Amino acid sequence: MSEALLVDADVCLALEDGRVFFGRSFGAPMPAEGEVVFNTSMAGYQEIATDPSYHGQMVVLTHPQIGNYGAQRIARESRRPWIAALIVRDLAEEPSHWQSTGSLHAFLLDAGVPGIQGIDTRALTRHLRDHGTMRAALGPIDRARPIEPQAADLVERARSATPLSDKNLVAQASDPAGAADRTDRPVEAASADRAGLRIAVVDCGVKHNIVRSLAARGVEVYPLSWDATVEAVLAAGAAGVVVSNGPGDPERMAGAAALTRELMRRTVPLLGICLGHQVLGLAAGGSTSRLKFGHHGGNHPVRDLLTDRIHITSQNHEFQVDAASIREGSGFFVSMVNLNDGSVEGLAHRELPAFSVQYHPEGCPGPQDNQYIFERFLDMVARPVPGADALSRDMVPADG
Amino acid sequence: MDSRGPTSKKPVDVRKVLVIGSGPIVIGQAAEFDYAGTQACTSLREEGVSVVLINSNPATIMTDVEIADAVYIEPPTVPVIERIIRRERPDGLLPTLGGQTGLNLAVELAEAGVLDRHGVELLGTPLDSIRKAEDRELFKELLIGIGEPVPESEVVSAVDDAVAFAERLSYPVVVRPAFTLGGTGGGIGRTEHELRTIVAGGLAASPIHQVLVERSLIGWKEIEYEVMRDGADNCITICNMENLDPMGVHTGDSIVVAPSQTLSDFEYQMLRTAAIKIIRSLGIRGGCNVQFALDPHSFAYFVIEVNPRVSRSSALASKATGYPIARVAAKIAIGRRLDEIPNAVTGKTTAAFEPALDYVVMKVPRWPFDKFATGDRTINTQMKSTGEVMAIGRSIEAALQKAVRSLENGGRSLLWEERSWSDEHGRPTEQLFEQIRQPNDLRLWALAAALRRDVSVEQLAEMSGFDPFFLHKIRHIVAVERELLHEPLTPALMFRAKRMGFSDSQIGTLADLLPEQVRALRIAWNIRPVYKMVDTCAAEFAAVSPYFYSTYEEENEAAPLEGERALVIGSGPIRIGQGIEFDYCSVRSATAQRAAGVASIMVNSNPETVSTDFDASTRLYFEPLDEESVRDLLENEAPPVEGPAASSAGPAAASPRAALDGDDDRASAAPPVIVQFGGQTAINLAEPLRNAGFRILGTSVESIDLAEDRRRFEEALQRLDIPQPPGGSVRTVEEALNTAERVGYPVLVRPSYVLGGRAMEIVHSPTDLIRYVTAATQLSTRHPVLIDKYLEGRELEVDAICDGEHVLIPGVMEHVERAGVHSGDSMAVYPAVELTHRELETVVDYTTRLGVGLGIVGIFNVQYVLFEGTIFVLEVNPRASRTVPFLSKATGVPIVTIATRVMLGESLRSQGITDALWPAQKLVAVKAPVFSMAKLPAVDTYLGPEMKSTGEVMGIDLTYQGAMVKALTSAGLMLPPKGALLISVADRDKAEAIPIIRSFARSGHPLYATEGTAGVISALGLPVVMTTKKLDEGHPNVLDVIMDGSVTGVINTLEGVSARRDQLRDGFEIRRAATERRIPCYTSLDTARVVAMCIESGASPNEVLPVEAYWSFDPQSRLGPARANHRASEPIDGRVRPGTHVSDRA
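We now turn to the structure provided with this report. (Residues numbered from 1 in each chain as written. Chains lettered and ligands numbered in written order. Predicted model: local features only at pLDDT ≥ 70, side-chain atom pairs only at ≥ 80, totals over all residues. Heavy atoms only, no water.)

### Some remarks on the overall build of chain A
For clarity, the cut-off: Numbering of helices and strands runs from the N terminus, with a helix taken as a DSSP run of H or I at least four residues long and a strand as a DSSP run of E at least two residues long. Radius of gyration means the value over C-alpha atoms here, while the globule rule gives 2.2 Å times the residue count to the 0.38 power. Residue contacts are counted whenever heavy atoms from the two residues lie within 4.5 Å of one another. For every accessible area listed, the method is Shrake-Rupley and the probe measures 1.4 Å; residues are considered covered only by the protein chains on display.
A tally of helices and strands in chain A yields 13 helices and 20 strands. For chain A, the C-alpha radius of gyration of 21 Å lies close to 21 Å, the compact-globule estimate for 400 residues. For chain A, the spread of C-alpha atoms along the principal axes amounts to about 70 × 45 × 40 Å. Put simply, of all contacts in chain A between residues at least 6 apart along the chain, 76% involve residues at least 24 apart. Accessible surface, chain A: about 12600 Å² in total, of which carbon and sulfur atoms supply 49%.

Next comes the structure, spelled out in structure tokens:
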């Protein structure tokens, strides 16, 4: 089989543990390095590619047919793709959709992002599941020359790639001007009568749909840089602050943790999303750690411990807040857990107007079931009554 | 509305649940409900809930006594179910597993006050929700209330109102009748004339005489979501599916892909959110199916339909994802939450998640037009397919081509074309474009043909409404065809072709090689399929589900099973002649193997069935049932061979021949194969598999051939001294005429090796014989035409088991209709009540001699005709027949289990069986056929040698009349009391009809008759209303009295083939009218006779009992023995003891 698999190959993906996959190149014909993670969403490849949280990572999509509806303006979650490379089984050459502005191939080519297609993505996914997220290198191969030395070179390159935690990815992904420059896309919001409220978003690599979800509820969104000072936040006159999602290791976010601690001290209502959730965990005195292969997909069940209800969530994270590290004295408690592996999915404060979710309530891609998180946050902003009672009050979907 | 939904109250403490099955297989309601019902019963019993089941269909797994605590095979009517409720006292009724039939009955039971009277709670879906989902007006109000868009529509009860509405809205408009199966009676009205016809039919079809007329969304995308909700208001979607055929084609008749392929995440989530909103607002506890129409040019969408129950789509979604919808829905119905139900696939996570697919699933319908060549092949909003196939692949191209291979449509790959599609220069013709514009069963092939002729994707998208995305995929297939045709076959090209789902035989056709040569090359090049797991989670978690599909990739996940194991070949898509019975047999065989300590491997391609539930066997392969796929998976199950062939020295080193030798080694290490239970599909694979070196369990290929080869069979019968109707096999018209002359007319003619009596006819004259043979030789050039003397006698049927030395006959059945009516379409009675002791002995003797003499090891079926005191053998089928489940349920003998053990090497004696004939039960069981003719316009409904029924029901009681009434009632063949009857019989039948006519008259049925028959009736001195057959000479004519409801049943017998064309047409019109009006039409006097007998004797059901209680009925105690007793007659200790029947012991 391997012989036949090789015949059409012009590019190789090498993992740091020595496993190699041969496939065909698409997107930008250039080498790449980074961590490989898999995402199990069946649609939403462009949202994934443009999610700044993926900065520094190569993404293998487990669904085998990718690119079917092309690239679309409304499917961008930031100004550009952030993934280091895209790995797919079969790329649609002729996309079909009334919103399509071109192929995924062209979209990635323009942005300088390489891709590999035709490989056994399920075998790769199983490998990552069993052996954990690892570094990889993608590069061209010349079939006129012996393949093995070329593959070995790539394995070496994977091994010498800078680990994710050694990079300040957030600084690169943070783009407050870009966050204001989002495309329009309808968001279902229960109410939009919060005119006059200003919400600051600490942009660690924020996704457009977080901004849209807030804006659709009538508030003014005020994006701030990832390293904004307390003074900058207060000067913005924000009634509440959202600490956004973003790439990389939360342990590098000591500054943001200090900021949130200070905001809490001033009882400014706070919502942490994904990396923002981890930042809140650090602010609470907790620690974070890496998951074996992260959570990436649109089907993760989360139990809300306050209401005992299950929500299907969209997730994209490598790190978790360690449950045991959240001490009673911090005032925080674990308010949500992942049903599959029991990891922390949400934190809330018993007295202060502050809570966080590890998952992506804005979806994109993924279910829109959790838009109520924004509703809850804005309610809290309007009426900053802290505590668990207030949290459970409206933990039902907005459409009820 | 309270946001937690209307059912957030605490669930009742449910200890006993009544489950209503869906009854006989008809178009629109097939095996998917056996799958759902079986899974639900098992699921409820896991929870400690006892299950009472009612279903009139004996060919189901769910009616096996192991599945429920009490199984009632009884007519599903309100009075019967009330008797069951009174006897069993269930706390709850689960109505959502029996399709539309189950749901409608639940509504009837509730409305009749039965549920309240006996304190039975409706579980799962509240009655109010059923009404809201089913009643178009209420449904519309509900959706508007929650802000979901519905197409403009109006419910009408009169044709004129429909026309008035359509004029306001403009044509075309869609018509959907309320409360019908598979869209029965619906259609698309493009003109006023069309609309009037459709609405009239729809009103007749609807039990509440309502149809919905709505805005046409033809050409929009059709998308479905399977949604699940628990009592705590947790909601998830299991799967979404996209129809390749856009709106305008019933989803059951559409090619469907899962998950959706052309929806962006925004659209996917928009519709997902809407689906969840809908299930919440309906307050359903369990599963629900929501169908949407999505504009291909904007984000506009409409909600089209909601099924508040498990459905064909939910069965498909379960198989497509591995998520057991029915199992989970049943647990939710009794109060479990999603997060309290374990995910059986991963063994770690719970049911509260949404499956992620890392493959593509394609469903393609199987239509019956190969049997009904004259039927209307166009497809629309009224479902016509009898079954479907599913295929799994890692690309659209592969999934689509695998699905086409699975159809078993005479080996018709995507390469197949109709001659009229291209002109003499190979250019596309208008006929081809017509086939693309107007949906029909050949459209997929037509699209490929057009792409082959370089018609552009844009043009075809415009004509067909298919999304260009899918057309491009078909274009890719066509492009590889071209390469295969023109380029040298290299490993790269071979691999690319295999990845696109090309079969070896397709590649061979294009590259000018034999399939076997392609295989040899492929193996030499080390291009073999690998097997991937369906695990619900796209490999995110390690899964334990033993559910695999083939693909051409790098990593294989299915290591050979260890220990003793055997492969059961399933029966593929449900079609006329090969129905759910064979799925029953396959599943039973797998179960028996596991009980005997042998790992059972199942292969099948049908997503509706129990056999493709990965729980039904040790390991499941979801694959086409063709030689290539089965050989590949068998080789995959063979432990790797030591030696040069296995070391794969690379393409250059391995010659095809060496690879073949290696294959032989591999074949001998592969598991043996069981071909006796998967119908003709499986038995046809016996020879190729044997030739490829695989081991066939039980009856040898030589013996199979002996039974199926006419000439060799004849010789064998002479040797065994068993009479056969005189006849012979012929290859030319001269031979045919000579043979017919020798045996005398009428003769029965048929091609050899066919399924379900296809193309079988009774021929009365040389002229007709010439016509038949001329047509038939085209039909089957490889095999001759068989001609037999037609003996118009009583037909007997036996299913038996032979271990090579001894034979067990569980029972002898007698057909109600005389020989000449296909056995699948005849009513059959067990035991054969009118047989003398001597005749019975002869049957036992012949069957024993046949089993041993033909070398049968395992199961076989023999059909006899009793003609003027002599018993003749008509045919021997060296495999399980469609009566096996019926006979198993009539006798209590686990026929498939015993046969499987015999095939595994355990003799009948060692199973404790010593008698040849199992003692007859003190009950009578009647099997009656059920037809789907209302779904198939332009198909003639008369009973003949060619099988037409799609399903069957069983009536079981202590008396012949009681059982017969039950069977007739369940089959919808009973006349209402004193209902008027129209009689129009052929001249040659008039004398025989007289006693039957008198009987109906005595029972108080007013008689209508056509000219000739009316004369006969008047001459008997009976009152009769004469209605003319001449349709253009005044009203009311014969069709008027049918259509206006004056008559409630019809007796119409077929004129001979030699009759004038107009006579034939008259009969056809009468029969079709009865079908349209949904009233019984008896085309055999034998059927009419038993109906008359039942009515005149005032017969009614004697007992309503669990099936086991009949087996052991003790007249002293009207309750029957306790369950523990009759369980003793089953092989719980591995031994079956005939003669130790409980009633005998008592």
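The structure having been displayed, the exposition proceeds.
### Quick notes on the side chain of glutamine 269 of chain B
On the secondary structure map, glutamine 269 of chain B appears in helix α9 (residues 265–282). When sequence neighbours within four positions are dropped, the list of residues in contact with glutamine 269 of chain B reads Gly366, Pro367 and Gln368 of chain A.

### Describing the nonpolar core
Residue and element names in this part refer to chain B. Heads up, the condition is: For this analysis, a nonpolar core means a set of buried residues of the types Ala, Val, Leu, Ile, Met, Phe, Trp, Tyr and Cys, connected via side-chain atoms within 4.5 Å. Summary of the burial criterion: residues with accessible area below 20% of their type's maximum are buried, those above 50% are exposed, and those between are partly exposed, where the area comes from a 1.4 Å probe applied to protein chains only.
By size, the foremost hydrophobic cluster in this structure holds 167 residues, and its most contacted members are Met228, Tyr323 and Ile569. A per-element tally of this core places α9 first, with 10 residues. Counting 57 residues, the second-largest nonpolar core is a separate cluster that includes Leu400, Ile436, Leu444 and Tyr552.

### A word on the pairing of strand β14 (residues 301–307) of chain B
All names here are of chain B. What counts, and what does not: Strand pairing follows a simple DSSP-based rule, namely that at least 2 bridges must link the two strands.
With 7 of its 7 residues buried, β14 lies for the most part within the structure. Pairing of strand β13 (residues 286–294) with β14, which is carried by 6 bridges, proceeds in the antiparallel orientation. In the strand pairing of β14, phenylalanine 292 is matched with valine 303.

### Looking at the packing of helix α34 (residues 990–1002) of chain B against helix α35 (residues 1011–1019) of chain B
All names here are of chain B. The condition is simple: Angular values range over 0 to 180 degrees, each being the angle between N-to-C directions of two axes fitted as lines to C-alpha atoms, with helices fitted over their stretch in contact. In what follows, roughly perpendicular refers to angles from 65 to 115 degrees, roughly parallel to angles under 35, roughly antiparallel to angles over 145, and oblique to any angle outside these ranges. Here a crossing is called left-handed whenever its near helix is offset anticlockwise from the far helix by less than a right angle, and right-handed whenever the offset is clockwise. Residues are sorted three ways: Asp, Glu, Lys and Arg are charged, Ala, Val, Leu, Ile, Met, Phe, Trp, Tyr, Cys and Pro are nonpolar, and all the rest, Gly among them, are polar.
Across the interface, α34 lies against α35 with an axial gap of 11 Å and an inter-helix angle of 55°. Judged on the interaxial angle alone, α35 and α34 are oblique. The hand of the α34/α35 crossing is right-handed. Where α34 abuts α35, its residues Lys990, Ile994 and Ile997 lie against Gly1012, Thr1013, Val1016 and Ile1017. When grouped by side-chain class, the residues that make up the contact of α34 with α35 number 4 nonpolar, 2 polar and 1 charged.

### A closer look at unusual backbone geometry
Residue and element names in this part refer to chain B. Each neighbour pair has its own omega, and for alanine 258 with proline 259 the value is -10°, a cis peptide bond. Between tyrosine 745 and proline 746 the backbone carries a cis peptide bond, its omega angle lying at -5°. Locating proline 746 in the fold gives a position in the loop between α28 (733–743) and β24 (747–751). Even without being glycine, arginine 89 reaches a positive phi, approximately 50°. Mapped onto the elements of the fold, arginine 89 is located in the loop between α2 (78–88) and β4 (92–94).

### Brief notes about the sheet that holds strand β8 (residues 187–189) of chain B
Residues and elements named next belong to chain B. The strand order β6-β9-β7-β8 describes an open sheet built from 4 strands, whose pairing is antiparallel. The open sheet has two free edges, formed respectively by β6 (153–156) and β8, since each of these has just one partner strand. Pairs of neighbouring strands in the sheet enclose a mean axial angle of 25°, with direction left out of account. As paired elements, β6 and strand β9 (residues 211–215) share 4 bridges and run antiparallel to each other. Paired with valine 156 across the bridge in β9 is valine 211. In the packing of helix α6 (residues 136–145) onto the sheet, contacts are made with β6, β7 (173–177) and β9, and the angle to β6 comes to roughly 155°. Running at roughly 150° to β8, helix α8 (residues 192–205) makes contact with β6, β7, β8 and β9 of the sheet.

### Some points on the interface of chain B and chain A
Quick note on the threshold: Here the quantity called buried area is the total loss of accessible area, with a 1.4 Å probe, experienced by two parts when brought into contact, counted for both. By definition here, a salt bridge exists when the distance from a side-chain nitrogen of Lys or Arg to a carboxyl oxygen of Asp or Glu is within 4 Å.
If you look at the interface, chain B gives 74 residues, while chain A gives 64 residues. Between chain B and chain A, roughly 6000 Å² of surface is buried when both sides are summed, and carbon and sulfur atoms account for 51% of that area. Where chain B meets chain A, there are 17 salt bridges. Residue arginine 122 of chain A is joined to aspartate 358 of chain B by a salt bridge in which the shortest nitrogen-to-oxygen separation is 2.8 Å.

### Thoughts on the pattern of salt bridges
All names here are of chain B. Counted by the stated rule, this structure contains 114 salt bridges over all chains. The salt bridge involving glutamate 47 is made with lysine 331; its shortest N-O contact spans 3.0 Å. Taken as a pair, glutamate 47 in the loop between α1 (32–46) and β2 (50–54) and lysine 331 in helix α11 (residues 325–333) lie far apart in primary sequence, 284 residues in all. A salt bridge links aspartate 64 to lysine 889, with the nearest nitrogen and oxygen atoms 3.2 Å apart. One end of the pair, aspartate 64, is in the loop between β2 and β3 (70–72); the other, lysine 889, is in helix α31 (residues 884–891), and 825 residues separate them in sequence.

### Digging into the environment of leucine 93 of chain B
Counting through the fold element by element, leucine 93 of chain B comes out in strand β4. Here the alpha-carbon distance between leucine 93 of chain B and leucine 123 of chain B, two residues 30 residues apart in the chain, equals 5.7 Å.

### Observations concerning α28 of chain B
All names here are of chain B. As a reminder, the rule being used: To be clear, the arc concerns the directions from the helix axis to the C-beta atoms.
If you check which residues of α28 are buried, you get Ala736, Thr739, Ala740 and Val743. Down the axis, α28 shows its buried residues gathered within 100° of arc, on one side only. Seen from the buried face of α28, the exposed residues on the opposite side, beyond 90 degrees, are Glu734, Asn738, Glu741 and Arg742. Within two residues after α28, glycine 744 carries a phi angle of roughly 90°, on the positive side.

### A closer look at the packing of helix α7 (residues 159–169) of chain B against α8 of chain B
All names here are of chain B. The contact between α7 and α8 brings their axes to 9 Å, and the two run at 135°. Taken together, α7 and α8 sit at an angle that is classed as oblique. Where α7 crosses over α8, the handedness of that crossing is right-handed. Across the interface between the two elements, Val159, Asp160, Ala162, Val163, Ala166 and Glu167 of α7 pack against Glu192, Leu195, Arg196, Val199, Ala200 and Leu203 of α8. In terms of residue class, the contact of α7 with α8 is made up of 8 nonpolar, no polar and 4 charged.

### Overview of the sheet that holds strand β29 (residues 828–830) of chain B
Residues and elements named next belong to chain B. Spatially, the 7 strands line up as an open sheet ordered β31-β30-β27-β28-β29-β32-β33, and their pairing is antiparallel. Single-partner strands in this sheet number two, and they are β31 (870–877) and β33 (951–957). Across this sheet, the average inter-strand angle for adjacent strands is 25°, counted without regard to direction. In this sheet, strand β30 (residues 857–867) lies alongside strand β27 (residues 794–803) in antiparallel orientation, the contact comprising 10 bridges. Its bridge partner lying in β30, isoleucine 801 is registered against isoleucine 859. On the sheet, helix α30 (residues 837–854) packs against β27, β28 (807–815), β30 and β31 and is oriented at approximately 140° with respect to β30.

### Points about the environment of threonine 346 of chain B
All names here are of chain B. By the secondary structure assignment, threonine 346 is in the loop between α11 and β15 (360–366). By relative accessible area, which is 2% here, threonine 346 ends up buried. Through-space distance from the C-alpha of threonine 346 to that of valine 544 is 5.6 Å; in sequence the pair is 198 residues apart. Apart from the residues within four sequence positions on either side, threonine 346 is in contact with Asp535, Thr536, Cys537, Phe541, Ala542, Ala543 and Val544.

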